[in-house]
Amino acid sequence: VIPAAGFRATTGATMLTMYGVSSLRSAGGVIASDVGISQNAIGDTYVVGRSSSNVVWLNIFQDSTQSWRGWVAAGGSMAGNPALAVAPSGDAYVVARDAGGSFWLNTYRLGVGFQGWVALRGVFATDPAVALARDGTLYVTGAASTGVVWAGRYVASAGFQGWVPGGGAAAPLATGRPAIAAGSDGAVYVAVKATDNAVWAARLQGDTWGTWYSGGGGPISQEPEVAATASGMVYLAYQDSSGRIFV
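Overview of the structure. Quick caveat, the model's predicted, so the values are computed rather than measured.

## Brief notes about the pairing of strand E18 (residues 179–182)
Then, in step 1: Where E18 and strand E19 (residues 188–193) come together, four bridges link them in antiparallel fashion. Each residue of the ladder has a partner; that of alanine 181, found in E19, is tyrosine 189.
Then, in step 2: Here E18 hands over to E19 after five residues, with glycine 186 in that stretch at a positive phi of 90°.

## What to know about the pairing of E19
Then, in step 1: Buried residues dominate E19, accounting for six of its six residues.
Then, in step 2: The two faces of E19 match: Val188, Val190 and Val192 on one face and Tyr189, Ala191 and Lys193 on the other face are all buried.
Then, in step 3: In the sheet, E19 pairs with strand E20 (residues 199–205) via six bridges, with the strands oriented antiparallel. Bridging from a neighbouring strand, alanine 191 pairs with alanine 201 of E20.
Then, in step 4: Two successive antiparallel strands, E19 and E20, enclose a turn made up of five residues, where asparagine 197 displays a positive phi of approximately 65°.

## Details of the sheet that holds strand E3 (residues 25–28)
Then, in step 1: Pairing is antiparallel in the open sheet, where three strands are placed in the order E1-E2-E3. Here the strands that pair on one side only, and so sit at the sheet edges, are strand E1 (4–8) and E3. Sheet twist, expressed as the mean angle between neighbouring strand axes with direction ignored, is 25°.
Then, in step 2: Sheet topology places E1 next to strand E2 (residues 14–18); five bridges connect them, and they run antiparallel. For alanine 4, the partnering residue across the bridge sits in E2 and is methionine 18.

## Details of the environment of aspartate 185
Then, in step 1: Considering the arrangement of structural elements, one finds aspartate 185 in the loop between E18 and E19.
Then, in step 2: Separated by 150 residues in sequence, aspartate 185 and valine 35 have C-alpha atoms that sit 28 Å apart.
Then, in step 3: Excluding residues that lie within four positions of it along the chain, aspartate 185 makes contacts with Arg203 and Gln205.
Then, in step 4: Within the structure, the side chain of aspartate 185 is placed 3.1 Å from the side chain of arginine 203, a separation counted as a polar contact.

Conventions used here
- Residues numbered from 1 in each chain as written.
- Predicted model: local features only at pLDDT ≥ 70, side-chain atom pairs only at ≥ 80, totals over all residues.
- Heavy atoms only, no water.
- Pairing = 2+ DSSP bridges.
- Helix = DSSP H or I, 4+ residues; strand = E, 2+ residues; numbered from the N terminus.
- Buried < 20%, exposed > 50% of the residue type's maximum accessible area, 1.4 Å probe, protein only.
- Axes fitted to C-alpha atoms, helices over the stretch in contact; angles between N-to-C directions.
- Contact = heavy atoms within 4.5 Å.
- Polar contact = N/O pair within 3.5 Å; in protein donor to acceptor, adjacent residues only side chain to side chain.

Rendered as structure tokens:
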């Protein structure tokens, strides 16, 4: 699988850049949000975005043909930036926030299409972030206006399992969207920019949160990113107030 990144051009078109490839791959379209991106095990790259009419759209760049499948509308009336995770089967899970702050989930199946929006509820001040654990569980996280981080699990065979707050009195309060990544140990790892302008991270498996740890550094200028490798490493990245990138 070749690492890829997606972004929105000034025209609103979704652009794909891939490691080792000099040219950009335009999916066209007119997207008003940031672009969400995820890949499956065979190298197909999925992108998702919200149009100016607040409809969520999805497209797939197929590795085998080096071409786009074409935009598919998920419908709905959403706000902010949708999040995306793709299962090995090719099913894509799209989570978006509505104007009232509730999260919604829609599943896209290859050859079938979107299955309809499922209410995850909640009242969030941030956009969602999602990660797919090794057992197929979809984890969703976001922060409330109070800064409390919440996470929930969606299990395909059992539905949504509800929201769990991220720790007790010692937990940090987030000042932006949390980041999340699935580890090789079956858990997920959540990172936030906290009110002390430092990076904090915690492990989550099922409904059980681990201890929050400060990554130090800072002050940071924006929300951190988190990534995990198959060898068990978890990496945090952030930009400080001077524009320097730290990992």
